[in-house]
Amino acid sequence: MAGRLIHILPEQVASQIAAGEVVERPASAVKELVENSLDAGARRIDIAIQHGGCARLAVSDDGCGMSPEDAVVSLRRHATSKINSAADLTAIRTLGFRGEALASTASVSRMTLRTRRPADAAGIEITATAGDIEDTCACAIAPGTQIEIRDLFFNTPARLKFLKTVPTEQSAVAAAIQRLALMNYQVAFSLSADGRSLFDLPRAASSLERVRQILGAKLAAQMLTFEAVRNAIRVHGLATMSHESFATPRLVFTFVNGRSVRDKLLTRAVAQAYQSLLPRGRHPAIVLAVELRHEDVDVNVHPMKTEVRFRNSGAVFETAYRALRDRLSDQTVEGARGPSAQVMGPALQSPILAPASGEPVHAAAASQSQTHRSTGLRLIPDAPVVAATQRPLGLGFARSDDSPALAPTSVPTYSGLRVLGQLFAGYIALESDEGMLLVDQHAAHERVTFEKLRAQLRDGGIQIQTMLTPLTIELNPARAAQVQAAIPHLRAMGFEVEAFGATALLLKGSPAVFGAEGGARLLSDMIESLGESGWRISGQSALEELLKQLACHGSVRVGRALEIGEIHGLLAELDRTEFKTNCPHGRPVHIQFSRGQIERMFRR
Ligand code: ADP
Ligand code: MG
């Protein structure tokens, strides 16, 4: 028997293995190539695909290009111009840094690379099959780089089998470009598939304009800008308000230092910020950008670089959550606020991201693009707001069910409006300068009560009103055991109860916000909602869920006629309440008919 079983794999095999991690499908190859173009300081990037990118994908840019020598080396593994030493890994300022992408992609395809630096008289063309260079020759091209990949995975049949249908691969390519385009608004992008243009995004003047190009002017106009800076972490972006929601999180975009990431922490911060503002299972459209010092985030933790690790994840979560939550509690659109310094503008040097020593990161690219590309969304006072002439990308997202015409566009001061009366014993009709508002009395009262309960919970516990004479509540014997088990939760909600024999409870006090009467009915309602399995709750947010139910049961119903005094009281309380435009379950508190809409209906 031979003495050695272990040997070093040939470079080509090693590249194919690496490709398995880096290049999963055409969209990941496109992502890597476009990231290279961005790192090269490109101002315009054109992408063409055939057959979802499986037959052919080509990316061409007007970036810094490569010398013929560099171009040849660039196809080798661990060939990079972006870092020099392991120390550089602690502060990565480019999208690429591992020198893997070109080698990996080349090893599983037929590649043609053409590149030329602006100062060179001619460019070089390199053709490679499965990573082996077959030919190099001089060529005439415009300054920049063009990379064409044909027959992706032709030599890795196992990979080929995992490719999905052409439309699926194609939309993954479009989505990958869309994510990169959102952060790099100063760069023009186009995508064509099988010779048809899918989109053509001109260079935008601001991130907001890019959001308009991608999500459409109508949705963008419904979005709020938000920003917070804490502990050298800056979080900013655009987000839809509570009346807009989507069935999937497809329009939730999160970025860290200009890199699109799928980060659980940030997704959770978004979900929690919208909790009680959106119906369960619905998602906002949001572009959320986090910027922090490069040394405070490790980007070298995932093969496709779509995950990161924060040094202080608690602070990142808190800043993101607060930035959004504070903004959502005051849902006023920019138009109503006047010119806002929060509108995101073109890249300026960020105080958080400014490199400590100011040395160029990627020498070739730095000479061409003045602003560092990874800085992403920037703050400028009074960003120019350019009307969107572009048709939104055909990425087809389902709009929420509300008719947008009826959606609230700004937060009114309800108590300042003229009360016209009550409609169907359920809705309060109000007149504002802009039109007519209908307030859902139950949703309004529910929000008011819920916020009161929540505030009490924060300040040490739900306030209890003690009854003069305790009440005995008989329990359904079949459910009695469950109810007894839920006594601690009932107490946490403000019911002063104790077991009274095996099948009864003694009620001595109830949540004070609902007044002295009705405690017993409210308790019965909550017991009713226990269901078969009881409440499986733990932790603060679960208790909040119960408080939502409590607020719902304890609030005025649709169907109850209100006195004018009660109406004024309710509106005044509503105005003092956070998140007043939605009930705790996320339904709107009011809808609005603008004067224009009413006049149009009368064909005036
Ligand atoms: P990385 O991006 O991690 O450095 P890649 O394999 O993606 O590794 O690219 C290798 C090198 O090739 C890059 O560091 C860069 O110098 C050069 N390169 C790749 N694509 C381009 C491009 N479009 N324009 C200019 N240079 C490029
Ligand atoms: Mg790269």
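Predicted, not measured: the structure shown is a model, and the values here were computed from it.

Looking now at the overall build of the chain. Along the backbone of the chain there are 19 helices and 24 strands. For the chain, buried positions account for 51% of its 604 residues. When contacts within the chain are restricted to residue pairs at least 6 apart in sequence, those whose partners lie at least 24 apart make up 73%. Accessible surface, the chain: about 27300 Å² in total, of which carbon and sulfur atoms supply 54%.

If you check the shell around ligand 1, you find 19 residues, and the closest are Asn36, Thr80, Ser81, Lys82 and Gly99. Here an oxygen atom of ligand 1 and a backbone polar atom of Leu102 are 2.9 Å apart.

Membership of the largest hydrophobic core comes to 64 residues, with the highest contact counts inside it found for Val34, Ile45, Ile47, Phe189 and Leu191. The dominant element in this core, judged by the number of residues it contributes, is helix H6 (residues 166-183), at nine residues. Formed by 38 residues, the second largest nonpolar core is a distinct cluster that contains Met241, Ala269, Ala273 and Val308.

On to a nonpolar patch on the surface, then. On the surface, a cluster of nonpolar side chains totalling about 250 Å² of accessible area is made up of Leu9, Val13 and Ile17. Relative to the helices and strands, Val13 is located in helix H1 (residues 11-22). For Val13, a relative accessible area of 35% translates into the label partly exposed.

Further remarks concern the packing of aromatic side chains. Per the stated rule, a full pass over the model turns up two aromatic pairs. Taking the centre distance of 6.1 Å and the plane angle of 5° together, the rings of Phe317 and Tyr321 count as stacked. One end of the pair, Phe317, and the other, Tyr321, are both in helix H10 (residues 313-328), four residues apart, so they sit about a helical turn from each other. Judged by centre distance (6.5 Å) and plane angle (90°), the ring pair of Phe424 and Tyr427 falls under edge-to-face.

To continue, consider the pattern of salt bridges. Following the criterion strictly, the structure yields 31 salt bridges and no others. One salt bridge in this structure joins Lys31 and Glu32, with 3.8 Å as the shortest N-O distance. When the shortest N-O distance is used, the salt bridge between Arg447 and Glu451 registers 2.6 Å. Linking Arg447 with Glu451, this pair stays in helix H13 (residues 441-458), spanning four residues, or about one helical turn. Note on accessibility: Arg447 and Glu451 belong to one class, buried.

What follows covers the confidence of the model for the chain. Averaged over every residue, the pLDDT of the chain is 82; residues scoring 70 or more account for 85%. When the criterion is pLDDT under 50, residues 332-351 qualifies, and its contacts beyond four places in sequence or with other chains add up to 66 contacts. pLDDT under 50 marks residues 403-408. Its contacts with residues more than four places away, or in other chains, come to eleven contacts.

Before going further, it helps to spend a moment on the pairing of strand E19 (residues 427-431). One ladder, built from five bridges, connects strand E18 (residues 418-423) with E19; its direction is antiparallel. Bridge assignment links Leu423 to a residue of E19, and that residue is Tyr427. Connecting E18 to the next strand, E19, in antiparallel fashion are three residues, including Phe424 with a positive phi near 50°. Taken together, the five bridges between E19 and strand E20 (residues 435-440) define a ladder with antiparallel strand orientation. What sits directly across from Leu430, in E20, is Leu437.

How each quantity is defined
Residues numbered from 1 in each chain as written. Chains lettered and ligands numbered in written order. Predicted model: local features only at pLDDT ≥ 70, side-chain atom pairs only at ≥ 80, totals over all residues. Heavy atoms only, no water. Helix = DSSP H or I, 4+ residues; strand = E, 2+ residues; numbered from the N terminus. Buried < 20%, exposed > 50% of the residue type's maximum accessible area, 1.4 Å probe, protein only. Contact = heavy atoms within 4.5 Å. Areas by Shrake-Rupley, 256 points an atom, 1.4 Å probe, with all protein chains shown as cover. Near = heavy atom within 4 Å. Polar contact = N/O pair within 3.5 Å; in protein donor to acceptor, adjacent residues only side chain to side chain. Core = buried A, V, L, I, M, F, W, Y, C linked by side-chain atoms within 4.5 Å. Patch = residues over 30% accessible without salt bridge, like charges linked within 9 Å, V, L, I, M, F, W, Y side chains within 5 Å. Salt bridge = Lys/Arg side-chain N within 4 Å of Asp/Glu carboxyl O. Phe/Tyr/Trp six-rings, centres within 6.5 Å; stacked < 30°, edge-to-face > 60°. pLDDT = per-residue confidence, 0-100. Pairing = 2+ DSSP bridges.

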